[in-house]
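# Fold and contact review
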Amino acid sequence: MGFDGLVVVSDPYLQRRFTQAELRALQAQYAALRDASPNGRLRMRDLPAAISGVRGAAKSRDAEKENSAPEPGPCHGLTDEEWASVLKAVARADEKPHQDASFELFLRVYAEMQLRLKAVSVCSGRAGGIVRSSSSSAVAFLTAATTTLLHTISESEKASYVGHINAYLADDPSLKSALPIDPATDHIFHITKDGVLLCKLINLAVPGTIDERAINTKRVLNLWEKNENHTLCLNSAKAIGCTVVNIGTQDLAEGRPHLVLGLISQIIKIQLLANVNLKSTPQLVELVEDSKEMEELMSLSPEKILLRWMNFQLKKAGFQKRVTNFSSDIKDSEAYACLLNVLAPECSAKPSAMSVKDLLHRARLILEHADRMGCKRYLTPKDIVDGLPNLNLAFVAHIFQKRNGLSKQMKQVSFVDGLSDDAQVSREERSFRLWINSLGISTYINNVFEDLRNGWVLLEVIDKIAPGSVNWKMANRPPIKLPFRKVENCNQVLKIGKELKFSLVNIAGNDIVQGNKKLILAFLWQLMRYNILQLLKNLRFHSNGKEITDNDILAWANKKVKDSGKHHSYMQSFKDKSLSSGTFFLDLLSAVEPRVVNWSLVTKGEKGTKRSK
């Protein structure tokens, strides 16, 4: 199972799910179960009774100390039918009830129980992640030795996201057989197991992120094709700004509910907030008074901009309170009532929401007002009263999309001129932004020229591609108000750049702080180039320690193309003039993945030939 005290399991999800201390504790509990079972054999169907026996023994020992009798009760407070449901959920096709229960099966049972015992923990009390029950020691058996975080599924969020998927992807030809999804069931977690829906959802959020030809969409997919889809999905999710920590392709393949729902939530959030920025909605300039406020607005996340917009509209209506979040501040629906009356007074009706004292009734009137505006419902009246942040954020974002109430004639102020970039700079900025976000750093980049100015993100990127090179004791963590602190970060960035042999002529830390686009792009190009070269150097571990050279890459490319049947396509060197036609690279791409090239658009690439895009 392991060595030197290390517990190793074959399932990557389980290995990530538990700490080593937790694995050792659970392994001891598993061994106790097996030793207590007849003939030392622990079968899957024996798990409920076996766990009850060990639990009873543990309780008896405690009872002796406290001079009280052990309390009987159903295992974990679950019925036989519920236990059968647990075993069915975690068992794999090759695991039968009469066979021995492996340690990994035990771990899967434990993880599943953590999900299902959330309701029990709420009623019984919880301390430090350990579930305790005053009426039964059943809950304590699996949880007493660990402090694993409990994951639960919000039925309201699930229903909301399913409704979003049904509405936006209903006409997708690849999903016609799967949609609509019933929100009352867990069908959403089964549909996502092949990765197609998640890839489509990413393209819906940020169009063009994934080339549709790269998605395996045929009716029956093998494991390899599903894995390709999942890898494509996770890499693309990182690129558009999703946090995918502790989630892998196996998690998606198994349809783990809390992980799948969390990923879907982030993707939909990105889609709904896509227009909450100055580039897509330049009318947002109405929220600022001067260039200093404009600089602040450009550095805000979409959620913060949405809050600022909401407060701007509320202030116009004379609303006295300030909304600082999408949970507790909107539970009473007063802010919603004021906001909708400002944006769509013609859709109001009697009785007015503010005249109703019952919070649920008031929230119901708010949603009816939104319906008359044509806004989709992302939440129920109870969700508003309960202050569910994700659903309230989605609701406000959709209101913004539908009717933002900003002036169509944008204020003519001088600092707006800097918002438009030329096409080449925009393409480069997007490329570097996608690359940085794909690295999986903790900070998501919305705008390269704004988000890198404090130097912190650049330090994160450098630490990712050249581990150990950043002196974090000398770094200043955001939020950074003093300009010289930002310069200190950027100076360290350039110092490390010089150590990495970058060409850094006539560039200082203050140039990055000032947002000099030309110099920032030049530095990022060298940073990305270094990252790619390091990747190529790492390939030597797969070539018997031999470092990969240009000739090795050249030979590989020519062999790949030749093996695909293109015997006349060849490059002599990386300076070969014939490469300018682009046909060799298309042949190479097609050799690696035949679906990526649409040959009907390819011309000979000769001078004077009209080229298709």
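Everything numeric in this text was worked out from a predicted model, so none of it was measured.

### Quick word on the overall build of the chain
For the chain, the count of helices and strands is 27 helices and 4 strands. Burial analysis of the chain (613 residues in total) assigns 42% to the buried set. Excluding contacts between residues fewer than 6 apart, the proportion of contacts in the chain whose partners are at least 24 apart in sequence is 58%.

### Considerations on the pattern of salt bridges
Inspection of every chain in the model, using the stated rule, returns 20 salt bridges. In this structure, the salt-bridge partner of Lys382 is Asp386, at a minimum N-O distance of 2.6 Å. Pair noted here: Lys382 and Asp386 are both in helix α18 (residues 381–386), with a separation of 4 residues, about one helical turn. Each of the salt bridges in this network shares a partner with another, and the network as a whole consists of Lys321, Asp332, Glu334 and Arg362.

### Examining helix α15 (residues 302–316)
Counted at 1.5 Å a residue, the expected span for α15 with its 15 residues is 21 Å, and the 21 Å between its end C-alpha atoms agrees. Residues of α15 that are buried: Pro302, Ile305, Leu306, Leu307, Arg308, Trp309, Met310, Asn311, Gln313 and Leu314.

### A short note on the packing of aromatic side chains
The final tally for this structure, using the stated rule, is 6 aromatic pairs. Summarising the aromatic geometry, the rings of Trp309 and Phe400 are spaced 5.1 Å apart at their centres and angled 90° between planes, so their arrangement reads as edge-to-face. Here the residue Trp309 occupies a position in helix α15, and Phe400 occupies one in helix α19 (residues 389–402), the gap between them amounting to 91 residues. According to the relative accessible area criterion, Trp309 is buried, its value standing at 0%. Exposure remark for Phe400: the relative accessible area of 3% places this residue in the buried category.

### Comments concerning the environment of Leu307
Within the secondary structure layout, Leu307 lies in helix α15. Under the relative-accessibility criterion, Leu307 is labelled buried at 10%. C-alpha separation for the pair Leu307 and Val323, spaced 16 residues apart in sequence, amounts to 6.9 Å. In this view, Leu307 contacts Val323, Thr324, Asn325 and Phe326; residues no more than four positions away in its chain are not counted.

### Thoughts on the packing of α15 against helix α16 (residues 334–343)
For the pair α15 and α16, interaxial distance at closest approach is 9 Å and the crossing angle is 75°. If you check the angle between α15 and α16, you find them roughly perpendicular. Here α15 contributes Trp309, Met310, Gln313 and Leu314 to the contact with α16, which in turn contributes Ala335, Tyr336, Cys338, Leu339, Val342 and Leu343. Looking at side-chain class alone, the contact of α15 with α16 contains 9 nonpolar, 1 polar and no charged residues.

### Remarks on the nonpolar core
Of all hydrophobic cores here, the largest spans 86 residues; its most connected members are Ile165, Leu263, Ile264, Leu306, Trp309 and Met310. Counting residues per element, this core draws most heavily on helix α13 (residues 257–272), which supplies 9 residues. Core analysis: the next-biggest nonpolar cluster, separate from the first, contains 36 residues, Val470, Leu500, Ile507 and Leu519 among them.

### Examining the confidence of the model for the chain
In the predicted model, the chain carries a mean pLDDT of 76, and 73% of its residues have values of at least 70. Predicted confidence in the chain is weakest over strand β4 (residues 130–131), with a mean pLDDT of 34, and strongest over helix α10 (residues 196–205), with 92. Confidence over residues 52–76 falls short of pLDDT 50; this stretch has 34 contacts with residues more than four positions distant or in other chains. Taken as a whole, residues 118–150 scores under 50 in pLDDT and shows 64 contacts with residues more than four places along the chain or in a different chain.

### Some details on the environment of Leu360
Looking at the secondary structure, you find Leu360 in helix α17 (residues 359–373). Not counting residues within four places of it along the chain, the set of residues in contact with Leu360 comprises Pro381, Lys382 and Val385.

### Concerning unusual backbone geometry
Of note, the amide linkage connecting Leu179 to Pro180 takes the cis form, showing an omega dihedral of 0°. Structurally, the position occupied by Pro180 is in the loop between α8 (155–168) and α9 (187–191). Of note, the amide linkage connecting Pro478 to Pro479 takes the cis form, showing an omega dihedral of 0°. Here Pro479 shows up in the loop between α22 (456–465) and α23 (483–499). A positive phi is found at Lys501, a non-glycine position, where the angle reads about 70°. Assignment of secondary structure puts Lys501 in the loop between α23 and α24 (509–513). The class for Lys501 is exposed, based on a relative accessible area of 74%.

### Regarding α17
For α17, built from 15 residues, the straight-helix expectation of 21 Å at 1.5 Å per residue is met to within 8% by its first-to-last C-alpha distance of 21 Å. Taken residue by residue, α17 has Arg362, Ala363, Leu365, Ile366, Leu367, His369, Ala370 and Met373 as its buried positions. Taken together, the buried residues of α17 touch α16, α18 and α19. For α17, the side-chain oxygen to backbone nitrogen distance between the N-cap and Leu360 is 3.4 Å, and the N-cap itself is Asp358. Following α17 by one or two positions, Gly374 has its phi on the positive side, about 90°.

### What to know about the side chain of Ser160
Along the chain, the position of Ser160 falls in helix α8. Residue class for Ser160 comes out buried when judged on its relative accessible area of 8%. Setting aside its immediate chain neighbours within four residues, Ser160 contacts Tyr378 and Leu391.

### Regarding the packing of α13 against α19
The interhelical angle for the contact between α13 and α19, taken along N-to-C directions, is 25°, at an axis separation of 9 Å. Relative to α19, α13 is oriented roughly parallel. Regarding α13 and α19, the two cross each other, and that crossing is left-handed. For the pair formed by α13 and α19, the contact residues are Ser265, Lys269, Gln271 and Leu272 on the first element and Asn390, Leu393, Ala394, Ala397, His398 and Gln401 on the second. Classifying every residue of the contact of α13 with α19 by side-chain character gives 4 nonpolar, 5 polar and 1 charged.

Thresholds, definitions, all that
- Residues numbered from 1 in each chain as written.
- Predicted model: local features only at pLDDT ≥ 70, side-chain atom pairs only at ≥ 80, totals over all residues.
- Heavy atoms only, no water.
- Helix = DSSP H or I, 4+ residues; strand = E, 2+ residues; numbered from the N terminus.
- Buried < 20%, exposed > 50% of the residue type's maximum accessible area, 1.4 Å probe, protein only.
- Contact = heavy atoms within 4.5 Å.
- Salt bridge = Lys/Arg side-chain N within 4 Å of Asp/Glu carboxyl O.
- Expected span 1.5 Å × (residues − 1).
- Phe/Tyr/Trp six-rings, centres within 6.5 Å; stacked < 30°, edge-to-face > 60°.
- Axes fitted to C-alpha atoms, helices over the stretch in contact; angles between N-to-C directions.
- Parallel < 35°, antiparallel > 145°, perpendicular 65-115°, else oblique.
- Nonpolar A, V, L, I, M, F, W, Y, C, P; charged D, E, K, R; others polar.
- Core = buried A, V, L, I, M, F, W, Y, C linked by side-chain atoms within 4.5 Å.
- pLDDT = per-residue confidence, 0-100.
- Polar contact = N/O pair within 3.5 Å; in protein donor to acceptor, adjacent residues only side chain to side chain.
- Left-handed = near helix turned anticlockwise from the far one by under 90°.

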